[in-house]
Amino acid sequence: MIDTTATIETPERVRFRYRLAGPGQRLAAWLLDLLAQFAFGLVLFWIVFASFSVGLEGYGAGVYLLGLFVLQWLYGVIFETALSGRTPGKAALSLRVVRADGSPGQFPDFLLRNLLRGIDALPAVGLPTFGIGVLTMAIDPRLRRLGDLVAGTVVVSEDKAHMLGSVAIEPPVSEEERQAMPPAVHLTNEELQVIEAFLRRRRRLSDERAEELASYFGPLLAKRTGIEAATAERTLTLAYARATGRDRSASEAG
Amino acid sequence: MSLADRDAFVTPRKARWERLERLLGGALRAPEWSELASAYRSVCADLSRARSLGMPHDVQRYLDDLSGRAHNRLYSVRGAGFGLGLVQDAIVAFPREVRRQWAFVLLASLLFYVPFGVGALGSYADASMASMVLPDWQLEQMETMYGGDDRVRDFASNAMMAGFYVQNNVGIAFRCFATGALAGLGSIFFLVYNGLVIGTTFGYLGNVGLGGNLLEFTSGHSAWELTGICISGAAGLRLGWSMIVTDGRTFVGSLRRAAPVLYRLILGTAVLLFVAAAIEGFWSASPVPRTVKFGFGLAQWVIVGAWLVFGGRRAPVAGLR
């Protein structure tokens, strides 16, 4: 597995892992920001238009040019400083700019990384290719572009991780199945964990996919333990239930 | 790691984690902030415990994520950075940094003013030299611009031009800095190029007898603008230098060492060029007598010079970031 996490130690001496944002996510966020900049540009243009109609074209044009400057150079700086590391595009994709040590970035960091964005976009042949940015991201283990290297920042993904569901033994072990099973099934700790992970994910899998996964291990287990079941999935379920004592229904257990 | 262990770990804590999730979801009032702080600490403890117990991957990852988000929410409250520190960096720390980086500032100034002098003297002596640097239509445009009698603008046009000068000139300076990331080459190019073009403008208009008009127009803002361009170039050279001469550090370490220097220089550059744009927009084309404008311009050079030479000398070091 490619490691796309960065370990960060907080002042509380707790280390946690951040998932780093990949080039794809960052490109998507950048495109969204580009759209937002375009939208702001339209608003500015409307201001000029309105100012022309009331005879204040000089002021309107001044505001327009100033606004263009702000949009072009300071869009990222202002949003990242105000929203602690996020632009609208990054917020939409749950990305955030933080310092490499996990502490929140501040204005100086955001200023540097955004002023150098143009360099990361080079070489430009009509359109930006992001050649330099992609190259430095490929070399750097923390996927940083040049602007990030100078500013000492990383872009992390804050997408929520979900815990797996509970173990699903469905349908519950029937009386006949219990009678047919050998009295004791011995599974190693590792085997138990593999089956458990499978059962926890069961509800999110299609029946065909579940059977496909189960058939890697089911037949082997059937041969070893003597459990006979219609499907490989059921073999795993029964073996797990017997080994953990979950093959008795709730009423009997009580 | 058996089922019982996992459930024994997760079940009693789950409600607390879900509460933290909810806190992270919305806007917080004061009591909720303190609840967030304690929930964050307890989830950090849960994370450490989950690791030492060897809890399954999904539990650890979930807790990693949850504590990470809580951490960012909690610590992002600290000083947003648009405050007093910024003003202090721009006004006090900037001139100190300029003096500390005097070698780069000197080099950038030479890269700008030598081509400036060559362009100015050459075109003044021989107008045909100007057409080697600038296209003829641009030279003609300049002649009309500084030759006419209607050079005084109304206030509304001033506002427009101030906007234009910010957009154009600050943009030039930022580019001059950023291209320093190409091992300094971009900054060198922009310094030389701008020096040559501006020098040629002066020389050519001097040659055709409009030098006085140009000097009158530019005297007010020249101190701020030319100094700004030179220092943005110096910041770019410093950036490029840190890429080439790492001084025993790693490449990234060398860049990081330069970062605070670059920040102060570029912040000050922005101040210089914003002031320049304001003067250029609202003062330079005003109907004030020529002698007053020259006097004002001279005063600006004294002000900028004094700021860079004496600014921040008495500031306590501890108070600076």
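What counts and what doesn't
- Residues numbered from 1 in each chain as written.
- Chains lettered and ligands numbered in written order.
- Predicted model: local features only at pLDDT ≥ 70, side-chain atom pairs only at ≥ 80, totals over all residues.
- Heavy atoms only, no water.
- pLDDT = per-residue confidence, 0-100.
- Helix = DSSP H or I, 4+ residues; strand = E, 2+ residues; numbered from the N terminus.
- Buried < 20%, exposed > 50% of the residue type's maximum accessible area, 1.4 Å probe, protein only.
- Arc of directions from axis to C-beta.
- Contact = heavy atoms within 4.5 Å.
- Buried area = accessible area lost by both parts, 1.4 Å probe.
- Salt bridge = Lys/Arg side-chain N within 4 Å of Asp/Glu carboxyl O.
- Polar contact = N/O pair within 3.5 Å; in protein donor to acceptor, adjacent residues only side chain to side chain.

All names here are of chain B. Chain-level pLDDT for chain B is 87 on average; 92% of the residues reach the 70-or-more range. Across chain B, the element-wise mean pLDDT spans from 83 in helix α1 (residues 3-25) up to 95 in helix α5 (residues 102-125). Complex prediction metrics read pTM 0.79 and ipTM 0.84.

This part covers helix α11 (residues 218-225) of chain A. An α-helix turns once per 3.6 residues; consequently, residues spaced three or four apart project the same way. Residue and element names in this part refer to chain A. Three or more residues of α11 are buried, namely Gly218, Leu221 and Thr225. Looking straight down α11, one finds that the buried residues subtend no more than 65° of arc, so they occupy a single side. Opposite the buried face of α11, by more than 90 degrees, sit the exposed residues Leu220 and Lys223. Those residues of α11 that are buried are in contact with α9 (189-201), α10 (207-214) and α12 (232-244). In the segment just after α11, Gly226 is the residue with positive phi, at about 80°.

As a further point, take the interface of chain A and chain B. Across the boundary between the two partners, chain A contributes 56 residues, which contact 63 residues of chain B. Summing both partners gives a buried area of about 5300 Å² for chain A against chain B, and 66% of it is carried by carbon and sulfur. The interface formed by chain A and chain B holds 1 salt bridge in total. Salt-bridge contacts for Arg19(A) lead to Asp65(B); the nearest nitrogen and oxygen are separated by 2.9 Å. Where chain A meets chain B, there are 5 residue pairs in polar contact (both at pLDDT 80 or more).

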